[in-house]
Amino acid sequence: MPSITTVHESLPYIDPPPTSTQLTAAQTLITRERTLHPDDPNHALLPPPYHPQFLTPLLTSEFSRLSSTSPPPKLNALDLSRYNTLPSQPPNPTPHSLQSELSKAYTSHAYISSRRSHLALLDTYGKTAWLVGNYHLEGELKALEKELAQTKQEIDLVTLARKTRQEEVGSEMRMLEENWKMGVGRVLETEVATEGVRREVLGVLAGRE
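Residues numbered from 1 in each chain as written. Predicted model: local features only at pLDDT ≥ 70, side-chain atom pairs only at ≥ 80, totals over all residues. Heavy atoms only, no water.

Help me out: how do you make sense of the overall build of the chain in this one?
Along the backbone of the chain there are three helices and zero strands. From first element to last, N terminus to C terminus, the chain shows the α and β order α-α-α. Within the chain, the proportion of its 209 residues that are buried is 3%. Put simply, 62% of the contacts in the chain that link residues at least 6 apart link residues at least 24 apart. Counting every atom, the chain has about 19300 Å² of accessible surface; 62% of that belongs to carbon and sulfur. (Helix = DSSP H or I, 4+ residues; strand = E, 2+ residues; numbered from the N terminus. Buried < 20%, exposed > 50% of the residue type's maximum accessible area, 1.4 Å probe, protein only. Contact = heavy atoms within 4.5 Å. Areas by Shrake-Rupley, 256 points an atom, 1.4 Å probe, with all protein chains shown as cover.)

Put into structure tokens, the structure is as follows:
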């Protein structure tokens, strides 16, 4: 059984630290409690398991199909091949085929033009936007670090004030404890003396009889 060597900071500063015997006795009680109640004591604090209510039989069957497929299927909802290269002219063009190819060419031209515009904007303003984003993130990080340092300082001040207050009243508490012990001792001495007097009275009464 591992021995406990740390004491929680919330314990009083003026009380003597627990001895190894006391720590061993406390650890024995904790082990016995865990033996009597093997379940996790924090289990009741955990949230109940989540069961989604939006799943329909169709979605459930589709999720089962996707999870059972190895490797997972690829989604080919969009045909991106039309945007990779420009369409070539068919060998025997017809009005219908020309119209189809012209529509594809318009689509490819619009996509490529939009892509060139986006790349030009990214080349012009992307670096600046990235640096500005990093600047804001760095500011948020510094603010969080400052707040953390202030919180730690407040904790240290509270701990110091608590320790100082306890040390100020420590001598008074020790004096009161000594007075209490002396009072208990005097009570015991009085009871012993009373018992002795009672026995003497009983002996005198017995001798007269």
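Would you explain the UniProt feature "coiled-coil region" (unreviewed entry) in the chain in this entry?
Mapped onto this numbering, the UniProt entry annotates "coiled-coil region" (unreviewed entry) at residues 134-161. Counted over residues 134-161, helix gives 100% and strand 0%. Its end C-alpha atoms are 40 Å apart. (UniProt positions renumbered as here; feature names shortened; annotations may be inferred.)

I tried to follow a nonpolar patch on the surface on my own but got confused; where do I start?
Taken together, the side chains of Phe-54, Leu-55, Leu-59, Phe-63 and Leu-66 present a nonpolar region at the surface, about 440 Å² in accessible area. Take Phe-54: its relative accessible area is 55%, and that puts it in the exposed class. (Patch = residues over 30% accessible without salt bridge, like charges linked within 9 Å, V, L, I, M, F, W, Y side chains within 5 Å. Salt bridge = Lys/Arg side-chain N within 4 Å of Asp/Glu carboxyl O.)

Mind showing me how you'd approach the pattern of salt bridges here?
Where charged atoms from two side chains of opposite charge come close, those side chains can pair. Following the criterion strictly, the structure yields five salt bridges and no others. Of the charged contacts, one joins Arg-199 and Glu-195 as a salt bridge, the two residues approaching to 3.3 Å between their closest N and O atoms. Placement of the pair is Arg-199 and Glu-195 together in helix 3 (residues 95-208), with a separation of four residues, close to one helical turn. Residue classification places Glu-195 among the partly exposed residues on the basis of a relative accessible area of 29%.

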